[in-house]
Amino acid sequence: MTVAAPVSPPAVADPSGRRVVVTVVAIQVACCLGFFSVMAHLVAHLRHDLGLMAGTAGLILGARTGLQFALLLPVGALTDRIGARRTGAIACVLRAAGFALLGAAEGVGALLFAAVVLAVGGALYNPAAQSLLAGVGPAHQAKGFAAYVTAQHVATVAGPPVGLALISLEPGFALLTGAAAAMWAISGVLFLLLPRTGRRAGPRPGVLSGVRAVLADRPFLLFALMTAPTTLLANHIMTAVPLLGFAPAAATLCFSVLAAIAAAAQPFVAAGRRGERPWVLRAGLLCAAGAFFALAPLDGTELGPLMVAAVLNGVANGLIQPSIFQRTTRHASPERFGSYYGVLAFCAGMFSFAGEMLVGRLFDLGSAGATAALVGVGAFALVSAFGTRGP
């Protein structure tokens, strides 16, 4: 597939770019640490502290995920409309309120309301943060996004033990969610401390016009559809490894290795904007396919093959995420980046949501269904690898 793209302008001095990158990365560390510290222990809280049935807990988790993905389509364009700085601050306020509500909620209705607030805040956050990074200019753009994604991987590893330490103190889960709410509130203040961007001449793009503009860009829309499996490829291993029967220690080791390798790959992709080269994205997708093919025959006892899958998935994440960001920023103008990101993330999110539902049902059918599910996920990666093309 060919994605028509303007030639990147030559790098120019951008004195505010470094400040924007440092601030956005600090926001990412605080937000992700708060998020992953809670999410690692949320299911246990719903099941053991509140006594909810597994189906009810799944409904609450699914409501947050599904709504957040669905909102990405209009929210990306809304970010272009009201500005990334303001959108990010609103996102953090909503997420802080959502975690505070989650810690106090006991009934299903209150938990669902908290999930909705968290979903809206989450949908606003990523377009805002990535729009800010897309607007800093070529001199800081690629390295800034690499640091942004690395911060997420570090928080993925550090969040669960931080959450475990907080939940062991009184009042337990309420203290944990209160700490997460404080991290998001601080992040909202950091968004407001970012320098204001100059006002663009003419009216700001409307929400509907922004979405329509991206949908009319057929080469980019095809790119978004062909890379739709990437969110499922990045996240499903976190579900698949425990479902295959691996002990918590083995699963934790797998996720830690995965996150460390993904973080280590970021500087490689950032250097020289390698992510814009077609082979980088294709190599990442092939590694993702290999990871799920390696997982497919496992039964929860083979640590060696599990580590192979972790390494492959880590390399895949390290190559895919920055590559998609760099190719999107090369294609989209800064004032339209939110709209482009919204369409891209909407496609990936809805594919992931539907894929997780289908894969979950296949796992319920036993070992043969689990194998078929993992082979199917790997096949999606292969289709994407051969379906994507570069400029």
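Residues numbered from 1 in each chain as written. Predicted model: local features only at pLDDT ≥ 70, side-chain atom pairs only at ≥ 80, totals over all residues. Heavy atoms only, no water.

**Some details on empty space enclosed by the protein**
It is the rolling of a water-molecule-sized probe over the atoms that shows where space remains empty. Our working rule: Buriedness of a pocket was judged along seven lines, with at least five required to meet protein on both sides within 12 Å; pockets are open sets of points on a 1 Å grid over the protein atoms alone, cavities are sets where a 1.4 Å probe fits but cannot get out, and lining residues have an atom within 4 Å of a point. Grid points are joined across faces, edges and corners, and a volume is the space filled by probe spheres set on the points. The helix and strand labels rest on DSSP assignments: H or I over at least four residues marks a helix, E over at least two residues marks a strand, and numbering proceeds from the N terminus. Following the grouping adopted for this structure description, the nonpolar residues are Ala, Val, Leu, Ile, Met, Phe, Trp, Tyr, Cys and Pro, the charged ones are Asp, Glu, Lys and Arg, and the polar ones are all others, Gly among them.
Throughout the structure, instances matching the rule amount to two cavities of 30 Å³ or more. Its volume calculated, the largest cavity comes out at about 50 Å³. Within the residue set of the lining of the largest cavity, elements represented by two or more residues are helix 1 (17-49), helix 2 (54-82) and helix 4 (108-134). Sort the elements by how many residues they give to the lining of the largest cavity and helix 2 lands first, with three residues. For the lining of the largest cavity, the class distribution of residues is seven nonpolar, no polar and one charged.

**A closer look at unusual backbone geometry**
Following Glu170, the chain continues to Pro171 via a peptide bond in cis, the omega torsion being 5°. For Pro171, the location among the structural elements is in the loop between helix 5 (138-167) and helix 6 (173-193).

**Digging into the side chain of Asn313**
Stated precisely, the cut-off is as follows: Think of it in three bands: with a 1.4 Å probe and only protein chains considered, a residue is buried below 20% of the maximum accessible area for its type, exposed above 50%, and partly exposed in between. Should any heavy atoms of two residues lie within 4.5 Å, those residues are counted as being in contact.
Residue placement: Asn313 occurs in helix 12 (residues 303-331). Take Asn313: its relative accessible area is 1%, and that puts it in the buried class. With sequence-adjacent residues up to four places away left out, Asn313 is seen in contact with Leu233, Ala234, Ile237, Leu258, Ala291 and Phe292.

**Describing the nonpolar core**
Selection rule: In this text, buried Ala, Val, Leu, Ile, Met, Phe, Trp, Tyr and Cys residues form a nonpolar core when linked through side-chain atoms within 4.5 Å.
Membership of the largest hydrophobic core comes to 52 residues, with the highest contact counts inside it found for Phe99, Leu102, Tyr125, Tyr148, Trp184 and Phe191. Elements with a minimum of two residues in this core: helix 1, helix 2, helix 3 (84-104), helix 4, helix 5, helix 6 and helix 13 (337-363). The contact partners of Tyr148, leaving out residues within four places of it in the chain, are Val24, Val25, Gln28, Tyr125, Asn126, Ala129, Gln130 and Leu133. If you look at the next biggest cluster of nonpolar residues, it comprises 46 residues, including Leu244, Ala251, Ala381 and Ala385.

**Some remarks on the state of the cysteines**
Covalent bonding between the sulfur atoms of two cysteines defines a disulfide. Stated formally: Note on terminology: pairs of cysteine sulfur atoms within 2.5 Å are recorded as disulfides.
Within this structure, the stated rule accounts for zero disulfides. Free of any disulfide, Cys254 has its nearest cysteine sulfur in Cys287, 15 Å distant.

**A few points about the packing of aromatic side chains**
The test is simple: Between the rings of Phe, Tyr and Trp (Trp by its six-membered ring), a pair exists once the centres lie within 6.5 Å; its type follows the angle of the planes, with under 30 degrees stacked, over 60 edge-to-face, and the other angles tilted.
If you walk through the whole model with that rule in mind, you get six aromatic pairs. Geometrically, the ring pair formed by Tyr125 and Trp184 is edge-to-face, given 5.3 Å between the ring centres and 75° between the ring planes. With Tyr125 in helix 4 and Trp184 in helix 6, this residue pair connects regions lying 59 residues apart in the sequence. On the basis of relative accessible area, Tyr125 is assigned to the buried category, the value being 4%. A relative accessible area of 1% means that Trp184 is categorised as buried. With 5.0 Å between their ring centres and 85° between their planes, Phe351 and Phe380 make a pair best called edge-to-face. Of this pair, Phe351 sits in helix 13 while Phe380 sits in helix 14 (residues 367-387), and the two are 29 residues apart along the sequence.

**A short note on the confidence of the model for the protein**
Rules: Values of pLDDT, which run from 0 to 100, indicate the predictor's confidence residue by residue.
Chain-level pLDDT for the protein is 82 on average; 90% of the residues reach the 70-or-more range. Contacts for the low-pLDDT stretch residues 1-13, under 50 throughout, to residues beyond four places or in other chains number 29 contacts. With pLDDT under 50 throughout, residues 198-202 is counted as low confidence; its partners more than four residues away or in other chains account for four contacts.

**Things to note about the environment of Ala373**
As for its placement among the helices and strands, Ala373 is situated in helix 14. If we skip the residues at most four places from it in the chain, Ala373 touches Val359, Leu362 and Phe363.

**Concerning the packing of helix 9 (residues 230-243) against helix 12**
The condition that has to hold: Lines fitted to C-alpha atoms define the axes here, with helix axes fitted over just the stretch in contact, and angles between the N-to-C directions of these axes take values from 0 to 180 degrees. Throughout this description, any angle smaller than 35 degrees is read as roughly parallel, any larger than 145 degrees as roughly antiparallel, any in the 65 to 115 degree range as roughly perpendicular, and the remainder as oblique. Crossings are sorted by hand: turned counterclockwise from the far helix by less than a right angle, the near helix makes the crossing left-handed, and turned clockwise it makes it right-handed.
The interhelical angle for the contact between helix 9 and helix 12, taken along N-to-C directions, is 155°, at an axis separation of 9 Å. Accordingly, the angle class assigned to the pair helix 9 and helix 12 is roughly antiparallel. Between helix 9 and helix 12 the crossing geometry is left-handed. Between helix 9, through Thr230, Leu233, Ala234, Ile237 and Val241, and helix 12, the contact on the second element is made entirely by Leu306, Ala309, Asn313, Asn317, Ile320 and Ile324. For the contact of helix 9 with helix 12, the per-class residue count stands at eight nonpolar, three polar and no charged.

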